[in-house]
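An overview of the molecular structure
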Amino acid sequence: PASRATLSGAVTKDERTKTSAEAEERRRVRQLRTSVDLACAVLRQGDLTRAEADELVAAVRGRALELFPDKGHVFDLVLAPRLQRIIDEVLPVPPPARVLPFRGRRRKHR
């Protein structure tokens, strides 16, 4: 969006500040999007263990908090489930092992 100019054609200091703040936020959003997209691509490759995948998600969350310190709850509500779905698809949790009863030799009663 073009900034408004005064009658003299000059841009006011408030408008420059607003434009600068908007540009900074767009830059941070781009960085977060890139981090999340890269993490999704790495997770989809399936070369990580579940522990490594969890570490990657924690690192992306840390980066999100660096970029947007007061928005951890947004990460937890929006991005964490997306990353968790990919982990669950690529690295399914094996079903619990079925314990079979021990069938030793039966003793004949005399």
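Residues numbered from 1 in each chain as written. Predicted model: local features only at pLDDT ≥ 70, side-chain atom pairs only at ≥ 80, totals over all residues. Heavy atoms only, no water.

Relative to the 48 Å expected for 33 residues at 1.5 Å per residue, helix 1 (residues 13-45) spans 48 Å between its end C-alpha atoms, a close match to the ideal helical length. In the core, the buried residues of helix 1 are packed alongside helix 2 (50-67) and helix 3 (72-90). Of the residues trailing helix 1, G46 is marked for its positive phi of about 75 degrees. (Helix = DSSP H or I, 4+ residues; strand = E, 2+ residues; numbered from the N terminus. Expected span 1.5 Å × (residues − 1). Contact = heavy atoms within 4.5 Å.)

Before going further, it helps to examine a nonpolar patch on the surface. A cluster of nonpolar side chains, V74, L77 and V78, forms an exposed patch at the surface whose accessible area comes to about 280 Å². Secondary-structure assignment places L77 in helix 3. (Patch = residues over 30% accessible without salt bridge, like charges linked within 9 Å, V, L, I, M, F, W, Y side chains within 5 Å. Areas by Shrake-Rupley, 256 points an atom, 1.4 Å probe, with all protein chains shown as cover. Salt bridge = Lys/Arg side-chain N within 4 Å of Asp/Glu carboxyl O.)

Another point: the packing of helix 2 against helix 3. One way to put it is that helix 2 packs onto helix 3 with a least axis distance of 11 Å and a crossing angle of 155 degrees. In terms of orientation, helix 2 lies roughly antiparallel with respect to helix 3. At the point where helix 2 passes helix 3, the crossing takes the right-handed sense. From helix 2, R50, A53, D54, V57, V60, R61, A64 and L65 reach across to helix 3, where they touch G72, F75, D76, L83, Q84, I87 and D88. (Axes fitted to C-alpha atoms, helices over the stretch in contact; angles between N-to-C directions. Parallel < 35°, antiparallel > 145°, perpendicular 65-115°, else oblique. Left-handed = near helix turned anticlockwise from the far one by under 90°.)

Here R28 lies in helix 1. For R28 and F68, which are 40 residues apart along the polypeptide, the C-alpha to C-alpha distance reads 7.9 Å. Setting aside anything within four residues of it in sequence, one finds R28 in contact with L67 and F68.

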